[in-house]
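Architecture at a glance
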Amino acid sequence: MADERKLAYVMAFNEAVKQQMEADPNVFCAGEDIGAFGGVFGTFGGLQAKFGADRVVDTPISEQAIVGLGVGAAVTGLRPIVDLMFMDFICVALDQIVNQAAKLKYMFGGDAVLPLTITTAGGGGLSAAAQHSQSLEALLCHIPGLKVVMPSNPYDMKGLMTACIQENNPTVMIKHKRLLGMTGHVPEESYSIPLGKGNILRPGKDVTIVAYARMANEALIAAEELSKDGIDCEIIDPRTLQPLDTDLIVSSVKKTNHAVVVHEAVRFGGLGGEIASQIQELAFDYLDAPVTRIGAPFSPVPFSPALEQHYIPDSKTIVQGIRDVMARV
Amino acid sequence: MDLPVHVQLDLHRRMVRIRLFEEAAGRLAESNRLPGFLHLYVGEEAVAAGVCGALNDDDHITSTHRGHGHLVAKGGDFNRMMAELMGKATGYCKGKGGSMHISDTSLGMLGANGIVGAGSPIAVGAAFANRYRGRGQVAVAFFGDGSTNIGAFHEAANMACALHLPIVFACENNEYGEFTPRDKTMAITDIVDRAAGYGMPGVIVDGMDVIAVHEATVEAVERARTGGGPSLIEAKTYRFYNHHGVQNLGLKYRSDDEVAMWKQRDPIFTLEDRMIENKAATRDQFDAIWAELRADIDAAIAFADESPYPTPDQIMVGVYTSMSGAN
Ligand SMILES: Cc1ncc(C[n+]2csc(CCOP(=O)(O)OP(=O)(O)O)c2C)c(N)n1
Ligand SMILES: [Mg+2]
């Protein structure tokens, strides 16, 4: 089957960038160690050799100026991809992201276009400790003007990254570090997945699990386990967190009457709270149990694997969470 | 070479302690016994040792992602360091921080740091507090060449000078930030050129010569302690290993010849040769020091190995301080 070409998540990202750079001379990339070295995760591998150092730019360690470079170049007509190596480093660039990129268009009365893609790598599970493991997506989703994308598999990665580059608004593409090596079917030709469109990763009738990035994969494992007990889970991967595909989530919950939201981020103030609220506002009469959130405890990410393995939710936590929800009926 | 012999031996000891700790950590990482990232300080020992040898116990330092050397030089305890690198409950940070956040506030070591550039503003705060309390302490910010490209460094340097604080900016210029050479990320060759822009004196020292580093630091610390304000020291140095991990040769961003050239200038062996030549010490004396410190390292590895991992109930401990001040 010609269609069954497999690609790793990291190379799906790389291919999307490559194809968009081929298609549009206004696309360029900038970031730390992305040129000659190809990026610390290999995400930009081979691109400088192919497109040259003018289009794949090694920058100083200057996160604020890296995003600023993207903002300024976008508003003057280019289509930048700027990379912040680890998601934790968005904090260094937050003014440019939150006060500049997200708001220029609105503040200018609509008279600005910012086709800017900010790429970064989030998530834990590598004993990388509190400043290299965070999941800060809720922070970004709270900012009007930004779009936020977190793919859970190689196919979605390529389609969503393509959409981010083609998008006329600032987007943040968050790769999950633990998914970089995940392989799966990825078509060779260019394609895009619309931002704001979720995906039913697994159809089911008893309970809706809303999960994204690495947790979507953990939810798949949990669903297999629960099917042995006769619990049939439907997994919704929103893929884009801002804008959020509320329709898809709500229609699933109306069918299953139960919902569990899972993320790796700290539970308090995480996106799970928003999703749970949407569900109860739009599907209250359909619910047989309160919407449950599964997320990390309210502490920074601990270094020691002995702690981190208990800190990050996994398929076992999800199985337990769903058993608890179903037991209430 | 008019430094008293006991001072030279003290600097030597600090360097050997760093070297042995780092080589041991590297071996453990190679056999997958250390979780997480490991940024080794090997090759740069003269900087941490030369600087910290000029400080008092109650002076403060801030560090970087490459921080073990700074803590060892400030008097760090091998056992607690090794346990922390292994993620054990007996480690300096109880397994919460690991290599990149290793710290000992009782030694004035305000943490390795995972965010490039973040240590310098914190050193400014420590310097401010030190002057505020008036006990004559100084603060030193260790930072890499690459970190001088980040806003935090510039804000810290300017504020320190504007407030005329008792601080020393100690730059480890190893010519690379991760896998990218310095000349691709800045248009100047010497970090010291930046000092004038903030209004502080700056000097370049041979970062492979612990005595040169030490003498420059003594002068800068004296200036800071006596109300003369900030200084910048740029130590030209080199890391013998890769940015992280234990590979040293066959790296695509720097040549093996370059590595070999710098290794010729090994800061520890150069000092030993010089001291032997000057009859300040003997080979036997040095051999005994290495042997003694090796035994300390072996004991630290055993201590860390035998130590328990933290239990899951510790995850939520230490996020906030209680009103009683307890952890
Ligand atoms: C804000 C921020 N950006 C990027 C990184 C990734 N990073 C870690 S170390 C490093 C290079 C630092 O270079 P330098 O300051 O010269 O220190 P060296 O590693 O050479 O000791 C980079 C880019 C980081 N940790 N923090
Ligand atoms: Mg450097």
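Scoring rules and cut-offs
Residues numbered from 1 in each chain as written. Chains lettered and ligands numbered in written order. Predicted model: local features only at pLDDT ≥ 70, side-chain atom pairs only at ≥ 80, totals over all residues. Heavy atoms only, no water. Helix = DSSP H or I, 4+ residues; strand = E, 2+ residues; numbered from the N terminus. Rg over C-alpha atoms; globule rule 2.2 N^0.38 Å. Areas by Shrake-Rupley, 256 points an atom, 1.4 Å probe, with all protein chains shown as cover. Lys, Arg positive; Asp, Glu negative; His and termini not counted. Charge placed at Lys NZ, Arg CZ, Asp CG, Glu CD. 1 Å grid on protein atoms, 1.4 Å probe; cavity = no way out; pocket = protein on both sides within 12 Å on 5 of 7 lines; lining within 4 Å. Points joined across faces, edges and corners; volume = space filled by probe spheres on them. Nonpolar A, V, L, I, M, F, W, Y, C, P; charged D, E, K, R; others polar. Near = heavy atom within 4 Å. Polar contact = N/O pair within 3.5 Å; in protein donor to acceptor, adjacent residues only side chain to side chain. Sits in = over half its atoms within 2 Å of the grid points. Phe/Tyr/Trp six-rings, centres within 6.5 Å; stacked < 30°, edge-to-face > 60°. Buried < 20%, exposed > 50% of the residue type's maximum accessible area, 1.4 Å probe, protein only. Lys NZ or Arg CZ within 6 Å of the ring centre and 35° of its normal. Contact = heavy atoms within 4.5 Å. Core = buried A, V, L, I, M, F, W, Y, C linked by side-chain atoms within 4.5 Å. Donors = N, O, S within 2.8 Å, 3.2 Å for Na, K, Ca; no water. Salt bridge = Lys/Arg side-chain N within 4 Å of Asp/Glu carboxyl O. Expected span 1.5 Å × (residues − 1). Buried area = accessible area lost by both parts, 1.4 Å probe.

**Some words on the overall build of chain B**
Per the secondary structure count, chain B includes eleven helices and seven strands. For 327 residues, the compact-globule formula gives about 20 Å, and the C-alpha radius of gyration of chain B, at 19 Å, lands near that figure. With the principal axes as the frame, chain B shows a C-alpha extent of 55 × 50 × 40 Å. If you sum the accessible surface of chain B, you get close to 12900 Å²; carbon and sulfur atoms cover 53% of it. Averaging the coordinates of the 30 positive side-chain charges in chain B and doing the same for the 42 negative ones gives two points 4 Å apart.

**Details of empty space enclosed by the protein**
In total, this model carries four cavities of 30 Å³ or more according to the counting rule given. Estimates place the volume of the largest cavity at around 60 Å³. Of the residues belonging to the lining of the largest cavity, the class tally is one nonpolar, six polar and two charged.

**Focus on the site of ligand 1**
Looking at ligand 1, there are 22 residues lining it, with Glu63 of chain A together with His65, Gly114, Asp145 and Asn174 of chain B nearest. Looking at the residues close to ligand 1, they fall on chains A and B. Interatomic distance of 2.9 Å between a backbone N/O atom of Tyr176 of chain B and an oxygen atom of ligand 1. Separating a nitrogen atom of ligand 1 from a side-chain N or O atom of Glu178 of chain B is a distance of 3.1 Å. Coverage of ligand 1 by the protein amounts to 98% of the 580 Å² it exposes when considered alone. Of the pockets mapped on this structure, ligand 1 occupies the second largest pocket.

**Quick look at the packing of aromatic side chains**
On inspection of all chains with the given rule, the structure shows 19 aromatic pairs over all chains. When the ring of Phe86 of chain A is compared with that of Phe89 of chain A, the centres are 5.4 Å apart and the planes differ by 50°; the resulting orientation is tilted. Judged by its relative accessible area of 6%, Phe86 of chain A falls in the buried class. Members of the aromatic cluster, connected to one another through ring pairs, are Phe37 of chain A together with Tyr176, Phe179, Tyr238, Tyr253 and Trp262 of chain B. Lying over the aromatic face of Phe51 of chain A, Lys50 of chain A brings its terminal NZ or CZ to 5.4 Å of the ring centre. Lying across the ring of Phe269 of chain B, Arg19 of chain B places its NZ or CZ 5.9 Å from the centre.

**Concerning the side chain of Glu45 of chain B**
All names here are of chain B. One can find Glu45 in helix H2 (residues 45-52). Look at Glu45 and you get buried, because its relative accessible area is 0%. Non-local contacts of Glu45, meaning those with residues more than four positions away in its chain, are made with Met15, Ile18, Arg19, Pro267 and Ile268.

**Notes on the nonpolar core**
Counting 78 residues, the largest nonpolar core has Phe21, Leu55, Met82, Val140, Phe142 and Val210 of chain B as its most contacted members. If one sorts the elements of this core by residue count, helix H1 (residues 5-30) of chain B sits on top with eleven residues. Each residue touching Phe142 of chain B, except ones within four places of it in the same chain, is listed here: Val47, Ala48, Val51, Cys52, Ile61, Thr62, Ser63, Thr64, His70, Ala170 and Glu172 of chain B. Among the nonpolar cores identified, the runner-up in size contains 49 residues, and Val67, Met87, Ala102 and Leu244 of chain A belong to it.

**Some points on the side chain of His60 of chain B**
Counting through the fold element by element, His60 of chain B comes out in strand S1 (residues 60-62). Apart from residues lying up to four places away in sequence, His60 of chain B is in contact with Gly108, Leu110, Ala126, Asn130, Arg133, Gln137, Val138, Ala139 and Val140 of chain B.

**Some details on the coordination of the magnesium ion (ligand 2)**
Residue and element names in this part refer to chain B. For the magnesium ion (ligand 2), the full set of protein donor atoms is Asp145 (OD), Asn174 (OD1) and Tyr176 (O), at a range of 2.1 Å. Each donor residue of the magnesium ion (ligand 2) belongs to the same chain, with the gaps between them written as D-x28-N-x1-Y. Of this pair, Asp145 sits in the loop between strand S2 (139-144) and helix H6 (151-162) while Tyr176 sits in strand S4 (residues 176-177); the two residues are 31 residues apart in sequence, bridging distant segments of the chain.

**With respect to the pattern of salt bridges**
Residue and element names in this part refer to chain A. For the structure shown, the criterion picks out 29 salt bridges over all chains. Between Lys147 and Glu167 there is a salt bridge whose closest N-O contact spans 3.2 Å. Residue Lys147 is found in strand S6 (residues 147-149), and its partner Glu167 is found in the loop between helix H7 (154-166) and strand S7 (171-176); the two are separated by 20 residues along the sequence. Beyond isolated ion pairs, a larger network of salt bridges with shared partners links Arg5, Glu15 and Lys158.

**Structural notes on helix H1 (residues 9-23) of chain A**
With 15 residues, H1 of chain A extends 21 Å between its outermost C-alpha atoms, agreeing within 8% with the 21 Å of an ideal straight helix rising 1.5 Å per residue. Of all 15 residues that make up H1 of chain A, eleven are buried, and the element is covered over most of its length.

**As for the interface of chain B and chain A**
Facing 39 residues of chain B, the contacting portion of chain A comprises 34 residues. Summed over both sides, the interface between chain B and chain A buries roughly 2800 Å², with carbon and sulfur atoms accounting for 69% of that surface. Taken together, the connections running from chain B to chain A amount to one salt bridge. Its salt-bridge partner being Lys184 of chain B, residue Asp58 of chain A comes within 3.6 Å of it at the nearest N-O pair. Inspection of the region where chain B meets chain A yields nine residue pairs in polar contact (both at pLDDT 80 or more). Along the lines of polarity and charge, the residues of the side of chain B that touches chain A split into 17 nonpolar, 17 polar and five charged.

Geometric descriptors of this kind do not, in isolation, establish any biological role.
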